[in-house]
Amino acid sequence: MARLPAPCIESPSVRRLLIGLALAGLCLLSVGSAVAGNGGVAPPDSATESGSSINTLYWLIIGITSAVFILVEAVLILFIIRYRRRPGSPEAEEGPQVHGNTRLELIWTLVPVLILAAIIAVTIVKVPSVNAEPPAGSDPLVVEVVGHTFYWEYTYPNGVVQVDDLRLPVNRPVRLQLEAADVIHSWWVPELTGKRDNIPGRTNTLDFTVRKTGTFTGQCAEFCGVQHAVMTTTVEVVPQAEFDAWLADQASAQAAGTSDLGEQTWTGACAKCHALDGQGDVGPAIAGNSTLSDKTSLSRLLAEGQDNEGVDGFMPPVSTGWPEKQLDALIDYMVESGLAPAPAGETGAQGQGG
């Protein structure tokens, strides 16, 4: 059978059109991915200076690598079209042999060196602003952040405890003291700043100042177990006066046993394995179990966990570092919500609320 000619590809104008279409497609692919936001390659807009520095470095590198990718692919397409085997030429015929080009070899050696030098220079300039210590006299808010399996526990300087939800004042330096109670976790809220690891036996710090109010969500960025995906956090940033009033109210309510600390603890530390109504999920059903309202037994279970061959599943210790008020609040909440029976010797649910 005779081979059909391909005169359309022979035309210089058609070749230029094909090359142009290929370049346009590559450009659209890069731009489309970038503007897709969190669903693509673009990082979220940052609410902190340190986050903005990270974004600058990100865009520098993504811009350079995209340009290199487009250039290489364009040259590849050009060579495929320009040096293809012509119709009617023998299949065993070799193309022109190129034995070297000193100028071209110098160019493709020097250009990458200059690109790396530019990336290094910008990085050296920007890195000091990432996790920079607060200026002297700025009175940073210091919050202890402990990563547990599988929740975050925040403790403020006045002793207020929050589970999974962190509240901060706007335009005030913040220092997070990051620790871990069991395995390595990593605190990360992409709209605020970079991530930093919570490591058992070590305290890392993360410094930043949030420049706008709003609610920001984050996720543990270090795989920490089967429920890693549910180890999320929320950061609510409010005006300083509102924050101060909230912190004082929480201190009073937690001291009196009238806060929602019990509910927070149940939702963050218990329900992620046992479900909100205690019917069981990853962990067994526990609703109505008398251990839930027996402070001595529950305290031991939460502090030591459970790894019994006669019981299906494994429960890690979850209460490491809890103040006593948190355990009391959890028991009160479980009894009052009907998750746990009333303590022995009592009729009906008693307590001061979660």
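Structure first, text after, so check above.
Residues numbered from 1 in each chain as written. Predicted model: local features only at pLDDT ≥ 70, side-chain atom pairs only at ≥ 80, totals over all residues. Heavy atoms only, no water.

Asker: I tried to follow unusual backbone geometry on my own but got confused; where do I start?
Answerer: Across residues other than glycine, the phi torsion is negative in most instances, and most of the peptide bonds are trans. The linkage connecting threonine 149 with the following residue, phenylalanine 150, adopts the cis geometry, with an omega of 10°. With respect to the helices and strands, phenylalanine 150 occurs in the loop between strand E1 (141-148) and strand E2 (151-155). In this model, asparagine 171 sits at a positive phi of 60°, which is unusual for a non-glycine residue. You can see asparagine 171 is positioned in the loop between strand E4 (165-169) and strand E5 (173-180). (Helix = DSSP H or I, 4+ residues; strand = E, 2+ residues; numbered from the N terminus.)

Asker: Is there a simple way to think about the pairing of E5 in this case?
Answerer: It is a general feature of regular strands that their side chains alternate between the two faces of the sheet. Looking at chain direction, E1 and E5 are connected through 7 bridges and run parallel. Along E5, the bridge assignment pairs glycine 147 with alanine 180. As defined by bridge partners, E5 adjoins strand E8 (residues 204-209) across 6 bridges and the pair is classed as antiparallel. Across the sheet, leucine 176 pairs through a bridge with leucine 206, a residue of E8. (Pairing = 2+ DSSP bridges.)

Asker: Would you mind going over the environment of aspartate 277 with me for this structure?
Answerer: Among the structural elements, aspartate 277 can be located in the loop between helix H6 (261-274) and helix H7 (295-304). Distance from aspartate 277 to tryptophan 266, taken between C-alpha atoms, is 9.9 Å for residues 11 residues apart in sequence. In this view, aspartate 277 contacts Ala287 and Leu339; residues no more than four positions away in its chain are not counted. A polar atom in the side chain of aspartate 277 sits 3.3 Å from the side chain of glutamine 279. (Contact = heavy atoms within 4.5 Å. Polar contact = N/O pair within 3.5 Å; in protein donor to acceptor, adjacent residues only side chain to side chain.)

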